[in-house]
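Observations on the model geometry
Chain by chain, the residues run as shown.
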Amino acid sequence: MRCSLGAQALWAHRRSGAVAESGDAPLAAGVPDRPAAYLGPVRAFRQGLLSCLLNPKVGIFFVAVVPQFLPDGYSVLGATLFLGAIDAAIAAGWLLLVVVCAGRLLERLRRPRVHRNLISRSRP
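Residues numbered from 1 in each chain as written. Predicted model: local features only at pLDDT ≥ 70, side-chain atom pairs only at ≥ 80, totals over all residues. Heavy atoms only, no water.

**Concerning helix 4 (residues 76-109)**
- For helix 4, spanning 34 residues, the distance from its first C-alpha to its last is 48 Å, which sits close to the expected 50 Å at 1.5 Å a residue.
- One side-chain oxygen at the N-terminal end of helix 4 lies 3.4 Å from the backbone nitrogen of Leu77; it belongs to Ser75. (Helix = DSSP H or I, 4+ residues; strand = E, 2+ residues; numbered from the N terminus. Expected span 1.5 Å × (residues − 1). Polar contact = N/O pair within 3.5 Å; in protein donor to acceptor, adjacent residues only side chain to side chain.)

Structure representation (C-alpha cells):
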C-alpha cells in the first residue's frame, strides 16, 4: 500500500512538473498568477487538521505512553485530559514554529537572484 501511494505521489508530481514547464498549468479562479493547485489558508488548515485527527499513530502512542504518568488518587479522565492539553499545546507551538520558519525560507527562496542561482547551479 505504501509503495503504491508513493508511486502515485511521484507520478502526480512528475505530471504537474511537466505541465508547469510547458506553461499550460491552469490558473486558479480570480487569482492571475496562482496555479490551480494552490490551497487557501482555511483549506490547508482543514486538510492538515483532518490528516492529524485521522492518524492512528498519535492515538496509539498517547494510549501507550500516558498511563505511566497518571498520578495516583486523581481522576483518570481529568489527568488524561490535562496531559492531552499539554501535549496539544506543545505540538501546536512546534508546528507554528515550523510554519513560520518554512514561510521565511520560502520568501527567501522565491527571490529572483536565489532562483536564478539555484537554476544555474543545478544544471550539469
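Now that the structure has been shown, the text picks up again.
**Concerning the environment of Asn55**
- Position of Asn55 among the secondary structure elements: in the loop between helix 2 (41-53) and helix 3 (56-65).
- Since its relative accessible area comes to 26%, Asn55 is described here as partly exposed.
- One polar contact links the side chain of Asn55 to the main-chain amide nitrogen of Lys57, over a distance of 3.1 Å. (Buried < 20%, exposed > 50% of the residue type's maximum accessible area, 1.4 Å probe, protein only.)

**Some thoughts on a positive patch on the surface**
- There is a patch of like positive charges on the surface, built from Arg104, Arg108, Arg111, Arg113 and Arg116.
- Of all elements in the fold, only helix 4 and helix 5 (112-122) reach the threshold of two or more residues within the positive patch.
- Inspection of the secondary structure puts Arg113 in helix 5.
- The class of Arg113 is exposed, set by a relative accessible area of 60%. (Patch = residues over 30% accessible without salt bridge, like charges linked within 9 Å, V, L, I, M, F, W, Y side chains within 5 Å. Areas by Shrake-Rupley, 256 points an atom, 1.4 Å probe, with all protein chains shown as cover. Salt bridge = Lys/Arg side-chain N within 4 Å of Asp/Glu carboxyl O. Lys, Arg positive; Asp, Glu negative; His and termini not counted. Charge placed at Lys NZ, Arg CZ, Asp CG, Glu CD.)

**Details of the layout of surface pockets**
- Of the pockets and cavities examined, the largest pocket occupies roughly 720 Å³.
- Elements supplying a minimum of two residues to the lining of the largest pocket: helix 2 and helix 4.
- In terms of residue count, the dominant contributor to the lining of the largest pocket is helix 2 (seven residues).
- Of the volumes computed, that of the second largest pocket is approximately 560 Å³.
- Val58, Phe62, Asp87, Ala88 and Ala91 are the residues nearest the centre of the second largest pocket, which is lined by 18 residues in total.
- Looking at the lining of the second largest pocket, the elements that each hand over two or more residues are helix 3 and helix 4.
- The element best represented in the lining of the second largest pocket is helix 4, accounting for nine residues.
- In terms of residue class, the lining of the second largest pocket is made up of 14 nonpolar, three polar and one charged. (1 Å grid on protein atoms, 1.4 Å probe; cavity = no way out; pocket = protein on both sides within 12 Å on 5 of 7 lines; lining within 4 Å. Points joined across faces, edges and corners; volume = space filled by probe spheres on them. Nonpolar A, V, L, I, M, F, W, Y, C, P; charged D, E, K, R; others polar.)

Read these as geometric descriptors, not functional statements.
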